[in-house]
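A closer look at the structure
Residue-level listing of the chains:
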Amino acid sequence: MRTIAYRDALREAIREEMRRDERVYILGEDIAGYGGTYSVTKGLFEEFGAKRVKDTPLAEEVIAGAAIGSAIGGLRPIAELMTANFSLLASDQIINSLAKFHYMFGGQSKLPVVIRMPGGGGAQRGAQHSQMLETMYAHIPGLKVVMPATPYDAKGMLKSAIRDDDPVLFIEHELLYSVKGEVPDEGEEYTVPLNRGIVRREGTDVTIVTFSRMVHLSLQAAEELAKEGIQAEVIDLRSVRPIDLDLVLDSLRKTNRVVVAEEGWKYYGTGQGLAALIYEYGFDYLDAPIGHVAGKDVPMPYSKPLEQAALPTRDDIIAAVKAIVPAPAGAGAGA
Amino acid sequence: MAKALDTKDAREAKPPRGSADSSNNSGDSIAAMLDANGVLTAEAERAANISDEELRTLYRLMVVSRRLDQEGLNLQRQGELGLWGPYAGHEAAQVGAAMAMAPTDWIFPYYRDFAMAVCRGIDPGAIMTIFRGLTHGAWNPNEYRFAPFIIPVGTQVPHAVGFALGCKLDHDDTAVLVGFGEGATSTGDWHEAMNFAAVFNVPLVFLCENNQWAISVPMRQQVSGRIADRAAGYGFPGVRVDGTDVLTVYAVVRAAADRARRGEGPYLVEALTYRTQAHTTSDDPTRYRTEADVEPWKSKDPIRRCAERLQARNAFDDAFAQAVSEEAEQRALAMRQHLLSAQTPHPASAFDLVFANPPESLLREKAEFIEALEPERGE
Ligand SMILES: Cc1ncc(C[n+]2csc(CCOP(=O)(O)OP(=O)(O)O)c2C)c(N)n1
Ligand SMILES: [Mg+2]
């Protein structure tokens, strides 16, 4: 095991898969000599050259559309969109073509397309550059949407995504790129499935279900709660579509309480969808209403203090847990 | 395509682009094939060396296509089809362009390109099962090298560019044809794809079937200037051709595809024609145009023009015309029979093929759906 950054883990996944399969190529803006806006593709141009590392014109619709066309021709493209915010320009291609062609083509064309993009706020990028838009894509049948939180998962899931015959939207987070974590040594082959969540921390009193950067805040919250005698189980969904509902329900049967924690907006979002599934399939196990931590219902402010106010925090998660978990016996005395 | 990408000469420099004359059409040898009306000159016709037999094939395919179009309309009127989008008037553009491509080339059609599918050898009855809602994929795109019809206008153009880019990455000598209407040239997808195609110098022929209407919107409200001229702005050549003359379309698209295969990049062909019928069976064209608008175009009927060309070559007689029209009748009947005898799919098959590797949640939903159907089936 080594400790490497999330962005390096992504790069290793791409490099290994490009070496393994000559049909894999990457395209996007500023990804070649420049190495990508977030330095994920650094060095790949030098190794694989202009044929397989394609700097494209600034045209998200065609980056996605061309990836689709080349996949119909048998290639396995990885398209990088500079951020999820700009994926909106490509959303017609993603939703109307990419998600539907396997179905509309009667299963006769595979669409092994990976579209990578970072989402999320916290780096003072302003309203048009800080959005979590996974909900929009996760809503669509035909798409797989994954949001790994650790370098280990980033590498293992990106490799799985590249090998998968279905379209995968691979949503990273701007603040995760520098996060470090343990990853097996290079050459030690591993993959992580695209349809399984993972229990990051075991607990008995409440289940915090989360994904992407909020996994880290949830783990911090769980540590704080433990000091007060509340044992929170933390589930990292890793994939928001498909969603590993069985893992969530198993945990619920043990804890009988759930808090859903996400960075995106509350209304009609991933967290609300998840909560609805839990109510639908796990109602009998719930001893309290589901808590929901989400971003404030405003466009992301550019001003630092306002941005901090808009983003969900560790303390928000703690408060949401405490609102539905009875105070442990003895706690609070003398506080 | 679909071979492994070769990285041997991966670092080769791209050919220099954007030089002063790269957007200048004056040296375009394809443009030189045409007279002022966009019709193949006699000299170019001789040089193109298109045999009487080839021209008779084009004629035959146009007559068959016209008859199938009529049958599609009949079937819709008889309540057997939800919707039909007639392509009468487009025969020369579609048949000429599709037949100009080598069998190994790929075609990315738009929804009106039914005749192109017929040219590719796809069973018309099978295609019709899509319009009747009996299947998703009536043909294997890889077998016929013909992508499925798409509905969002213009979105197939980026796909064709990406496919052509893949051909180039693969050192393949496949060329690609993409069809679209003049309305599609207003979309962002189209403009971005034109630029992308030029920058990557991909082997792609853009075919605009300019039928002068986008539902109720006439060409003058859609485009200012000529569509063919837009190619120059992106750095590659384009021509407007008489899209009712199959020989011209055939010769020009074939030259453009050869050029693309030689690595000389994309080419835009604007085939000027007219939509003599309604946009689709849900449209009433009398609300926005008169018979007098349509009348002049009737004299430019693609089938009649082709017959005249054959007559001029002494390659047309009653026996041939008779045989072609019998074949057309026969194929229309076969199409109808295929369609009406095709099985209605089981409702639960709606859940199939959403993914290559479906998630458990979807399989569960399908199982629940089948279970809910069961009691009804017992009755
Ligand atoms: C993106 C998009 N916008 C609107 C429509 C509705 N629509 C369907 S066909 C059409 C007209 C297209 O005209 P043109 O491209 O000239 O092709 P034609 O139908 O004339 O062959 C419109 C507006 C659509 N299908 N897709
Ligand atoms: Mg039109």
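Attention now goes to the interface of chain B and chain A. Residue-level contacts link 42 residues of chain B with 43 residues of chain A. Taken together, the elements giving at least two residues each to the side of chain B that touches chain A come down to helix 6 (141-144), helix 7 (156-169) and helix 8 (188-200) of chain B. It is helix 7 of chain B that contributes the most residues to the side of chain B that touches chain A, 10 residues altogether.

To continue, consider the packing of helix 2 (residues 52-77) of chain B against helix 3 (residues 91-100) of chain B. Residues and elements named next belong to chain B. With their axes 10 Å apart at the nearest point, helix 2 and helix 3 run at an angle of 130 degrees to one another. Here helix 2 is positioned oblique relative to helix 3, judged by the angle of their axes. Of the two possible hands of crossing, helix 2 and helix 3 adopt the one that is right-handed. Residues L58, L61, M62, S65 and R66 of helix 2 touch helix 3, and the partners they reach there are E91, A92, V95, G96 and M99. Tallied by class, residues from the contact of helix 2 with helix 3 come to six nonpolar, two polar and two charged.

Once that is clear, we can look at the packing of helix 3 (residues 60-72) of chain A against helix 4 (residues 87-98) of chain A. Packed helices, taken two at a time, are described by the angle their axes make and the gap between the axes. Residue and element names in this part refer to chain A. Contact geometry of helix 3 with helix 4 gives a least axis separation of 7 Å together with a crossing angle of 30 degrees. By the criterion of interaxial angle, the relationship of helix 3 to helix 4 is roughly parallel. Remark: the crossing between helix 3 and helix 4 carries right-handed chirality. Contacts between helix 3 and helix 4 pair E60, E61, I63, A64, G65 and I68 from the former with S87, L89, A90, D92, Q93, I94, S97 and L98 from the latter. Of the residues belonging to the contact of helix 3 with helix 4, the class tally is seven nonpolar, four polar and three charged.

For the rest of this paragraph, the subject is the nonpolar core. All names here are of chain B. Among the nonpolar cores identified, the biggest contains 202 residues, and V161, V205 and V269 are the most heavily contacted of them. It is helix 11 (residues 246-264) that provides the largest number of residues to this core, a total of 11 residues. With residues up to four places along the chain from it excluded, the contact list for V269 reads V205, F206, L207, C208, G238, V239, V241, V252, V253 and A256.

Another aspect to go through is the sheet that holds strand 11 (residues 232-236) of chain A. Residues and elements named next belong to chain A. In spatial order, the strands read 9-11-10-13-14; together these five strands make up an open sheet with mixed pairing. Only two strands of the sheet have a single neighbouring strand rather than two, namely strand 9 (198-201) and strand 14 (291-295). When the angles between neighbouring strand axes are averaged without regard to direction, this sheet yields 25 degrees. In this structure, strand 10 (residues 206-210) lies alongside strand 11, joined through five bridges in parallel fashion. Within strand 11, the position partnered with V209 by the bridge is I235. Most of the contacts of helix 9 (residues 245-255) go to strand 10, to which it runs at about 160 degrees, and overall it touches strand 9, strand 10, strand 11 and strand 13 (258-265). Where helix 10 (residues 270-282) meets the sheet, its contacts fall on strand 10, strand 13 and strand 14, and the angle it forms with strand 13 comes to roughly 155 degrees.

Let's shift gears to the environment of Y268(A). Assignment of secondary structure puts Y268(A) in the loop between strand 13 and helix 10. Placed 136 residues apart in sequence, Y268(A) and M132(A) show a C-alpha to C-alpha distance of 13 Å.

Before going further, it helps to spend a moment on unusual backbone geometry. The residue after R241(A), namely P242(A), is reached through a cis peptide bond having omega 0 degrees. With respect to the helices, strands and loops of the structure, P242(A) is situated in the loop between strand 12 (239-241) and helix 9. Phi angles above zero are rare outside glycine, and N314(B) is one such case at about 60 degrees. Here N314(B) shows up in the loop between helix 13 (302-312) and helix 14 (318-341).

Bringing the site of ligand 1 into the picture now. Looking at ligand 1, there are 14 residues lining it, with V153(B), G181(B), G183(B), A184(B) and A214(B) nearest. Taken together, the residues that form the shell around ligand 1 break down as seven nonpolar, four polar and three charged.

Once that is clear, we can look at the domain arrangement of chain B. Once the domains are mapped, chain B shows domain 1 (25-344) and domain 2 (346-379). Centre-to-centre, using C-alpha coordinates, domain 1 of chain B lies 39 Å away from domain 2 of chain B.

A word on the pairing of strand 2 (residues 24-28) of chain A. Residues and elements named next belong to chain A. Most of strand 2 is tucked away: five of the five residues are buried. Across five bridges, the pairing between strand 2 and strand 4 (residues 76-80) is parallel. From the neighbouring strand, G28 faces strand 4, where its bridge partner is E80. Note that strand 2 and strand 3 (residues 53-55) share three bridges and pair parallel. Bridge assignment links L27 to a residue of strand 3, and that residue is K54.

The rules behind these values
- Residues numbered from 1 in each chain as written.
- Chains lettered and ligands numbered in written order.
- Predicted model: local features only at pLDDT ≥ 70, side-chain atom pairs only at ≥ 80, totals over all residues.
- Contact = placed C-beta atoms within 7 Å.
- Helix = DSSP H or I, 4+ residues; strand = E, 2+ residues; numbered from the N terminus.
- Axes fitted to C-alpha atoms, helices over the stretch in contact; angles between N-to-C directions.
- Parallel < 35°, antiparallel > 145°, perpendicular 65-115°, else oblique.
- Left-handed = near helix turned anticlockwise from the far one by under 90°.
- Nonpolar A, V, L, I, M, F, W, Y, C, P; charged D, E, K, R; others polar.
- Core = buried A, V, L, I, M, F, W, Y, C linked by C-beta atoms within 7 Å.
- Buried ≥ 20, exposed ≤ 12 C-beta atoms within 10 Å, placed from the backbone.
- Pairing = 2+ DSSP bridges.
- Near = placed C-beta within 6 Å.
- Domains from an automatic or database assignment.

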